[in-house]
Amino acid sequence: MLHVGGEWRLKYERSLREIDFTKKRMQQEFEDKLEVEQQSKRQLERRLADLHADNEETQRTLQQLKKKCQRLTSELQDTKLHLEGHQGRNHELEKKQRRDMNEKDSEITVLTHKVDQLEVELQDLSSQESKDEASLAKVKKQLRDLEAKVKDQEEELDEQAGSIQMLEQRLIHLQ
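So, here's what we can say about the structure.

Parameters and conventions
Residues numbered from 1 in each chain as written. Predicted model: local features only at pLDDT ≥ 70, side-chain atom pairs only at ≥ 80, totals over all residues. Heavy atoms only, no water. Helix = DSSP H or I, 4+ residues; strand = E, 2+ residues; numbered from the N terminus. Buried < 20%, exposed > 50% of the residue type's maximum accessible area, 1.4 Å probe, protein only. Contact = heavy atoms within 4.5 Å. Core = buried A, V, L, I, M, F, W, Y, C linked by side-chain atoms within 4.5 Å. Patch = residues over 30% accessible without salt bridge, like charges linked within 9 Å, V, L, I, M, F, W, Y side chains within 5 Å. Areas by Shrake-Rupley, 256 points an atom, 1.4 Å probe, with all protein chains shown as cover. Salt bridge = Lys/Arg side-chain N within 4 Å of Asp/Glu carboxyl O. Lys, Arg positive; Asp, Glu negative; His and termini not counted. Charge placed at Lys NZ, Arg CZ, Asp CG, Glu CD. Polar contact = N/O pair within 3.5 Å; in protein donor to acceptor, adjacent residues only side chain to side chain. Phe/Tyr/Trp six-rings, centres within 6.5 Å; stacked < 30°, edge-to-face > 60°. Lys NZ or Arg CZ within 6 Å of the ring centre and 35° of its normal. Expected span 1.5 Å × (residues − 1).

Attention now goes to the overall build of the protein. Regarding its fold elements, the protein presents 2 helices and 0 strands. Along the three orthogonal principal directions, the C-alpha set of the protein runs to about 185 × 20 × 15 Å. Counting across all 175 residues of the protein, residues that qualify as buried make up 12%. When contacts within the protein are restricted to residue pairs at least 6 apart in sequence, long-range pairs at least 24 apart make up 80% of them.

Printed below as a string of structure tokens:
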């Protein structure tokens, strides 16, 4: 009977040692797992903080880009208005120049006609020696004056044609 009791005691003590060993092993495993979990948590917290910082930076950049976009849109509107103003003024100037040119063409036609008439008169006067020299000189002077006026008108017309060409080139450049 004593022998059996001793055997049970040995089994009981061995079981206690095994339980104690298992408890220690499980405690160690739990602590290791806890350490791994805490490291993971710290990494995730760092990652979250980085993401928050990145997000703030992105928001700042976005605000700057929005402001830049608004500024550029405003500048574009101003430029469009400026261009429209130029186009309107150029259009008016072109109409005015065309009107002036038409007037000058008419004046040149009238003056040329007068010159022709005076030349005919001059020929008539030259052939009529009965007329005095003063009258002939007067007609020659009128003729020279009119020829000079025609030349001035033609030069002015050329200048205006040149400025119309410049305005058209500027308009093309603005568009």
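One finds Leu111, Val115, Leu118, Leu122, Leu136, Val139, Leu143, Leu146 and Val150 forming the largest nonpolar core, which totals 9 residues. For this core, the secondary-structure elements that each account for two or more residues are helix H1 (2–127) and helix H2 (133–174). If you tally residues by element for this core, the top one is H2, at 5 residues.

Moving on: a negative patch on the surface. On the surface, Asp152, Glu154, Glu155, Asp158 and Glu159 cluster together into a negatively charged patch. Secondary-structure assignment places Glu159 in helix H2. Owing to a relative accessible area of 61%, Glu159 belongs among the exposed residues under this scheme.

Take the side chain of Gln153 next. Mapped onto the elements of the fold, Gln153 is located in helix H2. With a relative accessible area of 8%, Gln153 lands in the buried category. Among the polar contacts listed, one links the side chain of Gln153 to the side chain of Glu107, at a separation of 3.1 Å. Apart from residues no more than four positions distant in its own chain, Gln153 is found in contact with Lys104, Glu107, Ile108 and Leu111.

Here we come to the side chain of Lys104. Tracing the sequence through the fold places Lys104 in helix H1. Given a relative accessible area of 15%, Lys104 falls into the buried group. Each residue touching Lys104, except ones within four places of it in the same chain, is listed here: Gln153, Glu156, Leu157 and Gln160.

Further remarks concern the packing of aromatic side chains. Using the criterion set out here, one finds 0 aromatic pairs in the structure. Lying across the ring of Trp8, Lys11 places its NZ or CZ 5.3 Å from the centre.

Mapping Arg9 onto the fold places it in helix H1. In the structure, Arg9 is positioned 114 residues away from Gln123 in sequence and 164 Å away in space, judged by C-alpha atoms.

Before going further, it helps to spend a moment on H2. Side chains that are three or four residues apart share a direction in an α-helix, a result of its 3.6 residues per turn. For H2, built from 42 residues, the straight-helix expectation of 62 Å at 1.5 Å per residue is met to within 8% by its first-to-last C-alpha distance of 61 Å. Taken together, the buried positions of H2 are Leu136, Val139, Leu143, Leu146, Val150, Gln153, Leu157, Gln160, Ile164, Leu167 and Leu171.

Here Glu154 lies in helix H2. Taking the C-alpha atoms as reference points, Glu154 and Gln59, separated by 95 residues in sequence, lie 68 Å from one another.

Considering all chains together, one arrives at 9 salt bridges under this definition. Among the salt bridges present, the one from Arg60 reaches Glu57, with a minimum N-O distance of 2.6 Å. Highlighted residues: Arg60 and Glu57, both in helix H1, separated by 3 residues, approximately one helical turn. Here Arg60 falls in the partly exposed class, since its relative accessible area comes to 45%. Ionic pairing is found between Lys141 and Asp145, a salt bridge with its closest N-O pair at 3.1 Å. Of this pair, Lys141 and Asp145 are both found in helix H2, 4 residues apart, which corresponds to roughly one turn of the helix. Under the relative-accessibility criterion, Asp145 is labelled partly exposed at 41%.

By themselves, these figures tell us nothing about what the structure is for.
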